[in-house]
Amino acid sequence: MEVKTASFEKQSKKKSLTVSGAEAVIKCLLEEGVDTIYGYPGGAIMPVYDELYKYQKEIHHVLTRHEQGATHAAQGYARVSGKVGVAVATSGPGATNLVTGIADAQIDSTPMVCITGQVGSHLLGSDAFQETDIVGISTPVTKWNYQITNAEEIPEVMAKAFYIARSGRPGPVLIDITKDAQFASLEFNYKKCSGIRSYQPIPELNLLEVQRAAEVINKAKKPLIVWGQGVILGGAEDLFKQVVEKSGIPAAWTILGLSALPTDHPLNVGMVGMHGNYAPNMLTNECDVLIAIGMRFDDRVTGNLEKYAKQAKIIHFEIDPAEINKNVQADYPVLGDVKESLKALLELLEPYSHKEWHQKFKDMYKTEYEKVIQGNLDVHKKDLGMAEVIQEVNIQSKGDAIIVSDVGQHQMAACRYAKFNQSRSNVTSGGLGTMGFALPAAIGAKMAKPERDVVAVIGDGGYQMTIQELGTIFQTKVPVKIVLLNNGFLGMVRQWQQMFFDRRYASTTMVNPDFITIAKGYHIKANQVTERSQLESAVKEMMQSDEAYFLEVKVEQEENVFPMIPTGASVSEILLE
């Protein structure tokens, strides 16, 4: 009792620090280990920026050229580092410009804290200059949001924000702070959040559920694993690899799961989904047990749900209870942290090889190679193809680069043909499909891992949506590599118009500017490839550059991405041509 009293007296004598609300925000960031933030100043957030000016040595603020760019850069930083990304903006249009990136982070489970300024609390609801109800607007696309009108709330709310963003299934949090709360004073005491009543980010693992799943897996004759980003978010890559190797089960990935298992691993059978590989899509409707790990059965993965894996017993390892039975009914749901779940599963699995089953995947890959892949990599065809460019990047990077892709045909080419040796190497916009994602996300990715090569693969459409972030690259000197695959079209939409709308290319032809001149205007090294003979040397020069580099490659205009599952079709109705 005496010890406790002495401890209490010691704590009570500890002096509190009086600071402004704005400085409290900065101190909260430091308490959470934040060293890099992305943002754009304005009137309602100016007090925070004024305090940030005093902490330039502790926190690196990156001035993006658009608030959307700030969110995507924060996403890239978070996806590669595993930390919480931070974006800052002012009220009104500054805050609303964050919404696309916030929505992207929500559906792709990216931990991010966005801080927005707001008009003074006495002006709320008065339609004041640059007042927007960002809390109301962002509610559907955030894991949590909150408006601070009292400076004394700042430490506790910020601690909750970071805890919620990173815990369980990660996601974006938005904190809106009125200007008067930023100016007001408070006694600053910070305590990291370790739990919130009624919020259970990690469900308690039921070992009986794991045991039942293991029994089904051990008896399976044609099992198939489909893994998603949950394996990466849970830091379970090593355990996952052990599970795959011990069970001998073919493993296929969703786009966001890519890189959790090395691309060339013998049990890695490729991508599932609309433009995935032939074998894992076809054999989804032949397997007797489908083991889903950290994935959410997105419609681009399942195709027609009425015809999806109806013959299989479904085992679903998942951290978010809302995902269980949401799209696909699970026969054996296993709720819990993926690391804990896989550790328990590994002990119960019996070693197996499934040689005959594996041979089916190999035979189907041979078919896909002959009908699709070989043609895409054919150096004798007239025009350069997207796959050839990705393959050359692979050769020059030896599969060790972080590939950040935008959205469209080039995204599918990058995911299908890029090689990855280590996890957190594939960064792309999955669920929301945000054009313009790659350029700012690559900035964040490179800042998170400066020792690694970061290559942004972008189409000419998406590139022009956030092209202004070349200014951020110029100002920060961040040495990202940019590969623009220019086909003069909004390629993915054009492909659909060709296949399903009788080649009526409505508003998909791009009249593009001189991209090389634009890059040089930002003092970024630039080069253009128009012939196959130029490709190797150009990519080599780009990869060897110590500075930012822009490489435009003119590719075949009407190249299509195959295989393809048409909308409304079954995964086993996949087209090879």
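Here goes a summary of the coordinates provided. Computed from a predicted structure; not experimentally measured.

Turning to the overall build of the protein, a few remarks are in order. Secondary structure assignment for the protein yields 24 helices and 20 strands. Its C-alpha atoms give the protein principal-axis dimensions of about 75 × 65 × 45 Å. Out of the 577 residues belonging to the protein, those deemed buried represent 58%. Within the protein, residue pairs in contact and separated by at least 24 positions form 77% of the contacts whose partners lie at least 6 positions apart. Accessible surface, the protein: about 24400 Å² in total, of which carbon and sulfur atoms supply 50%. Counting 57 positive and 68 negative side-chain charges, the protein places the averaged centre of each group 4 Å from the other.

Under the definition given, this model contains 17 salt bridges. Note that Asp 320 is salt-bridged to Arg 169, the shortest N-O span being 2.9 Å. Here the residue Asp 320 occupies a position in the loop between β13 (313-318) and β14 (332-335), and Arg 169 occupies one in the loop between α8 (154-166) and β7 (172-178), the gap between them amounting to 151 residues. Glu 558 is paired through a salt bridge with Arg 503; the nearest N and O atoms lie 3.2 Å apart. Of the two residues, Glu 558 sits in the segment after β20 (549-554) while Arg 503 sits in the loop between α22 (491-500) and α23 (515-521), which places them 55 residues apart along the sequence.

On the secondary structure map, Asn 394 appears in helix α17 (residues 386-397). The class for Asn 394 is buried, based on a relative accessible area of 11%. Ignoring anything within four residues of it in the chain, the contact list for Asn 394 reads Gly 399, Tyr 417, Ala 418 and Lys 419.

Below, the discussion takes up helix α16 (residues 355-376). For an α-helix, 3.6 residues make a turn, and residues three or four places apart therefore share a direction. Its 22 residues give α16 an end-to-end C-alpha distance of 29 Å, which sits within 8% of 32 Å, the value for a rise of 1.5 Å per residue. The largest bend in α16 amounts to roughly 50° and is located at Tyr 369. Restricting attention to buried positions, one finds in α16 the residues Trp 357, His 358, Phe 361, Met 364, Glu 368, Val 372, Ile 373 and Asn 376. Of the surrounding elements, those touching the buried residues of α16 are β9 (223-227), β11 (268-271), α13 (278-284), α17 and α18 (409-417).

This next bit is on the sheet that holds strand β18 (residues 481-486). If you trace the six strands from one edge of the open sheet to the other, you get β16-β15-β17-β18-β20-β19, paired in parallel fashion. With partners counted over all chains shown, the strands left at the sheet margins are β16 (426-428) and β19 (525-529), one partner each. Within the sheet, the average angular offset between the axes of one strand and its neighbour, ignoring direction, is 20°. Sheet topology note: the β18/β20 ladder contains six bridges and is parallel. Counted as the bridge partner of Val 483 is Leu 551 from β20. Of the strands in this sheet, β15 (402-405), β17 (454-459), β18 and β20 are in contact with α17, which crosses β18 at around 165°.

Listed as buried for helix α15 (residues 338-348) are Val 338, Ser 341, Leu 342, Ala 344, Leu 345 and Leu 346. Packed against the buried residues of α15 are α10 (207-219), α11 (230-233), α12 (237-247), β12 (289-293), β13 and β14.

Before going further, it helps to examine the sheet that holds β13. One open sheet accounts for six strands, arranged β11-β10-β9-β12-β13-β14; its pairing is parallel. The open sheet has two free edges, formed respectively by β11 and β14, since each of these has just one partner strand. Averaged over neighbouring strand pairs, the angle between their axes works out to 20° when direction is ignored. Lying over the sheet, α10 contacts β12, β13 and β14, oriented at roughly 135° with respect to β14. Its contacts with the sheet place α12 against β9, β10 (251-253) and β12, and it is angled at close to 165° to β9.

Take Glu 392: it is sitting in helix α17. Here the alpha-carbon distance between Glu 392 and Val 539, two residues 147 residues apart in the chain, equals 7.0 Å. The contacts of Glu 392, once residues within four sequence positions are left out, are Leu 535, Glu 536 and Val 539. Within the structure, Glu 392 has its side chain in polar contact with the side chain of Gln 396 (distance 2.9 Å).

The subject of this paragraph is the nonpolar core. It is characteristic of soluble globular proteins that their nonpolar side chains tend to be buried jointly. Of all hydrophobic cores here, the largest spans 99 residues; its most connected members are Trp 227, Phe 240, Leu 290 and Ile 293. Apart from residues lying up to four places away in sequence, Leu 290 is in contact with Leu 224, Val 226, Phe 297, Tyr 308, Ala 309, Ala 312, Lys 313, Ile 314 and Ile 315. Counting residues in hydrophobic clusters, the runner-up holds 49 residues, among them Tyr 77, Ile 134, Val 454 and Phe 550.

This part covers the packing of α17 against helix α24 (residues 532-544). Viewed as axis vectors pointing N to C, α17 and α24 meet at an angle of 40°, and their least axial separation amounts to 10 Å. When the axes of α17 and α24 are compared, the pair comes out oblique. When you trace α17 past α24, the crossing you get is right-handed. Within the contact between the two elements, α17 uses Glu 388, Val 389, Glu 392, Val 393, Gln 396 and Ser 397 and α24 uses Arg 532, Leu 535, Glu 536, Val 539, Lys 540 and Met 543. Residues belonging to the contact of α17 with α24 are distributed by class as follows: five nonpolar, two polar and five charged.

Another point: the pairing of β20. Residues in a regular strand point their side chains to alternate faces of the sheet. Taking burial as the measure, the six residues of β20 include five buried ones, the bulk of the element. Bridging between β19 and β20 involves five bridges; their strand directions are parallel. Bridge assignment links Asn 527 to a residue of β20, and that residue is Leu 551. With α24 bridging β19 and the parallel β20, this β-α-β connection has right-handed handedness.

Conventions used here
Residues numbered from 1 in each chain as written. Predicted model: local features only at pLDDT ≥ 70, side-chain atom pairs only at ≥ 80, totals over all residues. Heavy atoms only, no water. Helix = DSSP H or I, 4+ residues; strand = E, 2+ residues; numbered from the N terminus. Buried < 20%, exposed > 50% of the residue type's maximum accessible area, 1.4 Å probe, protein only. Contact = heavy atoms within 4.5 Å. Areas by Shrake-Rupley, 256 points an atom, 1.4 Å probe, with all protein chains shown as cover. Lys, Arg positive; Asp, Glu negative; His and termini not counted. Charge placed at Lys NZ, Arg CZ, Asp CG, Glu CD. Salt bridge = Lys/Arg side-chain N within 4 Å of Asp/Glu carboxyl O. Expected span 1.5 Å × (residues − 1). Bend = angle between axes of the 7 residues up to and from the residue. Pairing = 2+ DSSP bridges. Axes fitted to C-alpha atoms, helices over the stretch in contact; angles between N-to-C directions. Polar contact = N/O pair within 3.5 Å; in protein donor to acceptor, adjacent residues only side chain to side chain. Core = buried A, V, L, I, M, F, W, Y, C linked by side-chain atoms within 4.5 Å. Parallel < 35°, antiparallel > 145°, perpendicular 65-115°, else oblique. Left-handed = near helix turned anticlockwise from the far one by under 90°. Nonpolar A, V, L, I, M, F, W, Y, C, P; charged D, E, K, R; others polar. Right-handed = clockwise from strand over helix to strand, strands pointing away.

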